[in-house]
Amino acid sequence: MAEAVRLTVRPGVTLTALQTEQFKTDVLSLSLLRPLSREEAGLSALLPQVLCRGSRTYPDMTRLAARLEALYGARLEPAVRKKGEVQCVGLTADFVDGAYLPARPDQLRDMAALMGEILLDPAGGGEFLPAYVTGERAVLADRIRAERNHKPTYAVRRMLALMCAGEAYGAHELGEAHAVEALEPEALWAHYRAVLARSRVALFYAGPRPPDEAADIWRGALDALPRAASFDRADTRVVRTAAARREHEENMDIAQGTLILGMRLGVAAGDAQYPAALLAAAVYGGTTTSKLFLSVRERLSLAYYASAWLEGHKGILVVSSGIEAKNRAAAEAEILRQWTAVAEGTISDEELEAARLSLIHRLRAAADRPDRLEDHFLGQAAAGRTEGPDALAERLRGVSRAEVAAVAAGGAWDTVYFLRGEETHE
Amino acid sequence: MNKLDFPGVRETLICGEGPGGLPIFIVPKPGYRKTYAMLAVQYGSVDTRFAVDGAWRDTPAGVAHFLEHKMFDMPDGEDALQAFARAGASPNAFTSHAMTAYHFACTDRFEENLRTLLRFVSTPYFTKESVDKEQGIIGQEIRMMEDNPRSRVYEGLLAALYGAHPIRLPIAGTVASIAEIGADTLRDCHAAFYCSARMCLCVAGDVDPARVEDVAGAVWPAARGPAVTRDYGAPNREASRKTASRAMEVARPIFALGALCAPPAPGTETLRFELLGELAMEALTGPASPLYKALYEKRLINRDYGYGLFRAPGAACLVAVGESPEPDAVREALFDEVARLGRDGIDAARFERLKRAALGARLRLMDVPEALCRLQADAHFAHARYFDALSLFDALTPEAAYAFLNEAFAPARAALSVVSPKADRGG
């Protein structure tokens, strides 16, 4: 695989380009990098939803969808992602490279042009069509409310929101449902014009064309992007210590409870100890040979699943498990006990190497998935870094047991959240 | 080994054979770091009633899935998961209505991992103790699925559509049905289905095909297996019930609408059926359809809306799934649109565009080894080859797509399943 190259396309606009002939599919993305905040999150999240309703040439969803069909079923989606305390707002696309199609159309140029038009030339001319804004704000609010439908994901989100209540990270990247419902077309337009000019923009391309050519194509597509004299700063504050441990509980009428724990590990993606932190999380709960899987699930049958992962941008370790309410105390005690074992260095050679191999495999295999690379490099762009998965895999090779234990010993449990089943029936 | 080239899409399918006639399919992916291998068994949740060498037996719901969980245990006290972990592979397994599949992906030590895969799937080892314990773990999994409204609404739909076909039962079974599963049930079902005649090995990656065949030859047992007949009950062409409903902790109602189709004949006809069904649903309710715009603008659907063709042994239906404040209105609109297409016809230019999009979607999937292996296993169990679908596009017409819709969307053939929010709660 070729190395990813980062180029500056316009002031504050960088492109991460990955030249590869491995795939039939090309990937493009465009993200405005915004500082995550409760005040702004809903406005920014609503933008790509409204933009994807229609542009000057394709003014409604039917014509836009027909255009995508004509581009051999190209996919184009509004995207709102949270990378630490950076809210990444924009568009992602993937499509079959023209080399694999009859008559060899220039799909890349066509898609970049379409994305540029959607971003810069919305239907309605000098304003957003009010029906699009009122429609999309309702859809977005429904989507935020529907998150509670999927209990395990909802519970993780709630834990992180409670844990980081006083930090930007605690904000929902889609905003709050009631606030989103109140957003007006005029306010959204003003926000749109401001953030277009004031945001840093991260672009991505993976496909067979050379990076310079991809940059030229993007430059042409974004020619009309306004650029301010300076750009809003968006970065992530890593909190390295926890105060007293906090506990929260919520009830729902569900069959299975979900127990989520959050720890301030104090090590984030930019730190030298980051590979050790990743390895600690993997030994603890990242694989089917991990301590949590083997103890909480296999040995004690306390849970159907019990896993842990590192939120690398923010340096938070998250544990998630699905349990019966009656097992809560036993499961929590075991979850805490297993972390203590990691921190004390009670890690067998087999555990350490299996976790290391698993992480290295995942990082190296990312090279076969352009969509994963896109997401990885967006995270890197949001944090002002350029490290690819291969480089991180290399850094993992040298991490020792003592380093894993040392990182683990520095962590402090912060928040325990339990979504309790009511157990009134069945 | 037999090498089939598909130059239009620059893909190759290599067909080989292991002991007992185990079919082996390899899709070479030069330049890929990851190799993916899947060992699939034509044994899914619907195979509850079958005859082995003429002797019929009925098994509890959930055996295929239970077996999937227990196969990883090995006689030496070893767990196949650990063996994969030591060799840096990421293994997993799934059970669907139609198949059970065991798979791994690795970036190194492929042959060692392939040996592990072939070895553990061909080694039944079930003790009473471990089966009893697994009932607890699967019980938790079943309860987790019970809290998943998307699964529940789909299960509700299939139960409404099918009165007799075992597709009406949840894939994992129920807490009650799995309590009836013992080590002997698992052994018998493994002996009946886990044999070369009812399995296939699919590999996608940068591999030497001859080595795959060599490893299979060295590890896989030679038995072809007994003769097995399956029974899915009398086929029904009308929905058993028109509606299914359930209240859950959801923010808004979730619906699944289904319309029964006559299951296709095996072979290339199955591929044609799937492709035509997919195009027909795109024409009816895809994002570029007038119906989609109307439903979306009335907020009767949102971007979560999905649709397509569902097929399993002895069963097929067109489905539309989504969130809606008024599922009945969506149902009515779908039927009205089928009627309108009957009057106005499906626009020929639009149909050509839909074919382009469907071709593009298939080409994109060819970049995904996991998808290629699963699709080829699916096709093989239907006596077809996945890549052959590419040659079927030209012959499909808008008229055939309309006929497909019109046959399924008859009131007697449709059912609507709804999961509604519990009263006075959250949201």
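These figures come from a predicted structure and were not determined experimentally.

Procedures and definitions
- Residues numbered from 1 in each chain as written.
- Chains lettered and ligands numbered in written order.
- Predicted model: local features only at pLDDT ≥ 70, side-chain atom pairs only at ≥ 80, totals over all residues.
- Heavy atoms only, no water.
- Helix = DSSP H or I, 4+ residues; strand = E, 2+ residues; numbered from the N terminus.
- Buried < 20%, exposed > 50% of the residue type's maximum accessible area, 1.4 Å probe, protein only.
- Contact = heavy atoms within 4.5 Å.
- Pairing = 2+ DSSP bridges.
- Axes fitted to C-alpha atoms, helices over the stretch in contact; angles between N-to-C directions.
- Buried area = accessible area lost by both parts, 1.4 Å probe.
- Salt bridge = Lys/Arg side-chain N within 4 Å of Asp/Glu carboxyl O.
- Nonpolar A, V, L, I, M, F, W, Y, C, P; charged D, E, K, R; others polar.
- Arc of directions from axis to C-beta.
- Parallel < 35°, antiparallel > 145°, perpendicular 65-115°, else oblique.
- Domains from an automatic or database assignment.

Caption draft 1: Inspection of the environment of Arg 109 of chain A at higher detail. All names here are of chain A. With respect to the secondary-structure elements, Arg 109 resides in helix H3 (residues 107-120). By relative accessible area, which is 45% here, Arg 109 ends up partly exposed. Remark: the alpha-carbon pair of Arg 109 and Leu 71, spanning 38 residues in sequence, is separated by 11 Å. Not counting the four nearest positions on each side in its chain, Arg 109 is found in contact with Arg 209 and Ile 217.

Caption draft 2: Region of interest: the sheet that holds strand S8 (residues 257-264) of chain A. All names here are of chain A. Spatial strand order, S7-S11-S8-S10-S9: five strands in an open sheet with mixed pairing. For this open sheet the edge positions go to strand S7 (246-252) and strand S9 (303-311), each flanked by a neighbour on one side alone. Mean inter-strand twist for the sheet, computed between neighbouring axes without regard to direction, equals 15 degrees. Pairing between S8 and strand S11 (residues 412-421): seven bridges, direction antiparallel. Looking at S11, one finds that Leu 261 is bridged to Val 416.

Caption draft 3: Region of interest: the interface of chain B and chain A. The interface of chain B with chain A comprises 61 residues on the first partner and 65 residues on the second. The largest per-residue losses of area from chain B upon contact with chain A belong to Arg 33, Glu 249 and Arg 364 of chain B, which jointly make up 14% of the total buried on that side. Our enumeration of links across chain B and chain A arrives at 10 salt bridges. Glu 249 of chain B is the partner of Arg 148 of chain A in a salt bridge, and the nearest nitrogen-oxygen pair spans 3.2 Å. Looking at which element gives the most residues to the side of chain B that touches chain A, the answer is helix H12 (residues 348-365) of chain B, with eight residues. Of the residues that constitute the side of chain B that touches chain A, the class distribution is 22 nonpolar, 14 polar and 25 charged.

Caption draft 4: Structural view of helix H8 (residues 211-221) of chain A. Residues and elements named next belong to chain A. Buried residues of H8: Pro 211, Ala 214, Ala 215, Ile 217, Trp 218 and Ala 221, and no others. Viewed end-on, H8 has its buried residues packed into an arc of 165 degrees, placing them on one side of the element. Opposite the packed face of H8, turned more than 90 degrees from it, sit the exposed residues Asp 212 and Gly 220. Its buried side turned inward, H8 meets strand S1 (5-10), strand S2 (13-19), strand S3 (25-35), H3 and strand S6 (200-207).

Caption draft 5: Structural detail: the packing of helix H1 (residues 63-70) of chain B against helix H7 (residues 183-193) of chain B. Residue and element names in this part refer to chain B. Two elements in contact, H1 and H7, have axes separated by 10 Å at closest approach and are oriented at 95 degrees. Taken together, H1 and H7 sit at an angle that is classed as roughly perpendicular. Each of Val 63, Phe 66, Leu 67 and Lys 70 in H1 lies in contact with H7, whose residues at this interface are Thr 185, Leu 186, Cys 189 and His 190.

Caption draft 6: Molecular detail of the domain arrangement of chain A. Residue and element names in this part refer to chain A. Annotation of chain A at the domain level lists domain 1 (5-221) and domain 2 (246-421). Computed from C-alpha coordinates alone, the two centres of domain 1 and domain 2 are separated by 29 Å. Of the residues lining the interface, 33 residues belong to domain 1; the matching set on domain 2 comes to 39 residues. Both faces combined, the contact of domain 1 with domain 2 buries some 2,900 Å², and carbon together with sulfur accounts for 70% of it. For the interface between domain 1 and domain 2, the tally reads seven salt bridges. A salt bridge links Glu 167 to Lys 314, with the nearest nitrogen and oxygen atoms 2.7 Å apart. Elements with a minimum of two residues in the side of domain 1 that touches domain 2: S2, S3, strand S4 (75-83), strand S5 (86-96), helix H5 (151-163) and S6.

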